[in-house]
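Each chain, letter by letter, is given below.
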Amino acid sequence: FQDSFPDKQYGWTKGKEQSCKWLLSRVPAGAMGVDVGGTEYLCRKLSEKGCNVTYFDLVAPATYDNHVQDDMFNILRHFPERSLDFITTRHTLEHSLVPMYQLWAYNRLLKDDGKLLVIVPMPNKRWVWFTTHFSCLPYENWLMLFYRTGYKIEECDAGTWSAGRSDFVEFRFALSVEARRLRLTGPR
């Protein structure tokens with residue numbers, strides 16, 4: 001599957017740093033967690049904050065030692081259930097073939113008071129048809145998936161990772177575990 005995609009070299013921008021600062025401000029010092037999608041800058045900054053954070057991605061990091069190299073689909077193989085204080089996932093869920101499964105897996109890994117911090121691009125023609133995007137979803141669809149996989153939305157926000165580019169807008173969600181079962185019907 002991985003061989004089907006062209007190699008993408010993503011550059012670093014000040015906007016991506018701003019995106020990471022949003023995440024950093026929501027993770028408490030000393031917490032234990034995982035950054036799914038592997039952002040080395042974020043992992044280094046979380047470590048400086050006293051967090052025990054694992055970089056988790058298909059590609060090994062260039063400079064960060066605590067890492068797992070695997071597909072996000074396999075995350076349950078690497079951590080005990082209810083063992084993590086936080087999971088961050090910045091511009092990663094839109095690459096999932098099965099975002100509902102992925103969110104459910106994160107629910108299983110988070111402690112009862114754990115936090116899931118999600119950043120995804122706002123859908124537009126550029127991102128919906130981007131080579132590796134399979135789940136570049138509208139806002140309401142993310143809300144539905146979060147609800148169905150047991151999360152309560154603590155905060156939602158929007159921002160950019162490239163100032164002046166109207167197609168570089170992202171949704172930001174801070175979520176907490178509310179239920180440990182799938183909720184396949186709508187809220188009552």
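These numbers come from a predicted model, not from an experiment.

Visitor: What is the right way to look at the side chain of Thr89 in this model?
Guide: Position of Thr89 among the secondary structure elements: in strand β4 (residues 84-90). Those residues in contact with Thr89 that lie beyond four places of it in its chain are Asp35, Val36, Tyr106, Leu116, Leu117, Val118 and Ile119.

Visitor: Is there a simple way to explain the packing of helix α3 (residues 99-109) against helix α5 (residues 139-148) in this structure?
Guide: Geometrically, a packed helix pair is captured by the angle between its two axes and the distance between the axes. Contact geometry of α3 with α5 gives a least axis separation of 9 Å together with a crossing angle of 45°. What the angle tells us is that α3 and α5 run oblique. Classified by chirality, the crossing of α5 by α3 is right-handed. Between α3 and α5, the contacting residues are Pro99, Met100 and Leu103 on the first element and Trp142, Leu145, Phe146 and Arg148 on the second. Looking at side-chain class alone, the contact of α3 with α5 contains six nonpolar, no polar and one charged residues.

Visitor: How should I be thinking about the nonpolar core in this particular structure?
Guide: Inside soluble globular proteins, nonpolar side chains tend to come together where they are buried. With 28 residues, the main nonpolar core has Ile75, Tyr106, Leu116, Trp142, Tyr151 and Phe173 as its most contacted residues. Contributing elements (two or more residues each) for this core: β1 (32-36), β4, α3, β5 (110-121), α5 and β7 (169-177). Excluding anything up to four places from it in sequence, Trp142 contacts Leu93, Pro99, Val120, Ser135, Leu137, Phe171 and Phe173. One finds Val27, Tyr41, Leu42 and Cys43 within the second-largest nonpolar core, a separate group that totals 18 residues.

Visitor: Looking at this model, I keep getting lost on the confidence of the model for the protein. Mind explaining?
Guide: Low-pLDDT stretches of the model should not have their predicted coordinates read in fine detail. With 93% of its residues at a pLDDT of at least 70, the protein reaches an overall mean of 90. At the low end of the mean pLDDT range in the protein sits helix α4 (residues 125-128), at 80; at the high end sits β1, at 98.

Visitor: Looking at this structure, I do not really get the packing of aromatic side chains. What am I missing?
Guide: Here a ring pair, both rings aromatic, is described through the centre-centre distance and the interplanar angle of the planes. On inspection of all chains with the given rule, the structure shows eight aromatic pairs. Here the aromatic rings of Tyr139 and Phe173 are separated by 5.8 Å at their centres, their planes lie at 25°, and the arrangement is stacked. One end of the pair, Tyr139, is in helix α5; the other, Phe173, is in strand β7, and 34 residues separate them in sequence. Taken together, a centroid distance of 4.8 Å and an interplanar angle of 70° make the contact between Phe146 and Phe173 edge-to-face. One end of the pair, Phe146, is in helix α5; the other, Phe173, is in strand β7, with 27 residues separating them in the sequence.

Visitor: Would you explain the pairing of strand β2 (residues 52-57) in this entry?
Guide: Looking along a regular strand, one sees side chains alternate from face to face of the sheet. Pairing of β1 with β2, which is carried by five bridges, proceeds in the parallel orientation. Each residue of the ladder has a partner; that of Gly33, found in β2, is Val53. With helix α2 (residues 40-48) bridging β1 and its parallel neighbour β2, the resulting β-α-β unit is right-handed.

Criteria and thresholds
Residues numbered from 1 in each chain as written. Predicted model: local features only at pLDDT ≥ 70, side-chain atom pairs only at ≥ 80, totals over all residues. Heavy atoms only, no water. Helix = DSSP H or I, 4+ residues; strand = E, 2+ residues; numbered from the N terminus. Contact = heavy atoms within 4.5 Å. Axes fitted to C-alpha atoms, helices over the stretch in contact; angles between N-to-C directions. Parallel < 35°, antiparallel > 145°, perpendicular 65-115°, else oblique. Left-handed = near helix turned anticlockwise from the far one by under 90°. Nonpolar A, V, L, I, M, F, W, Y, C, P; charged D, E, K, R; others polar. Core = buried A, V, L, I, M, F, W, Y, C linked by side-chain atoms within 4.5 Å. Buried < 20%, exposed > 50% of the residue type's maximum accessible area, 1.4 Å probe, protein only. pLDDT = per-residue confidence, 0-100. Phe/Tyr/Trp six-rings, centres within 6.5 Å; stacked < 30°, edge-to-face > 60°. Pairing = 2+ DSSP bridges. Right-handed = clockwise from strand over helix to strand, strands pointing away.

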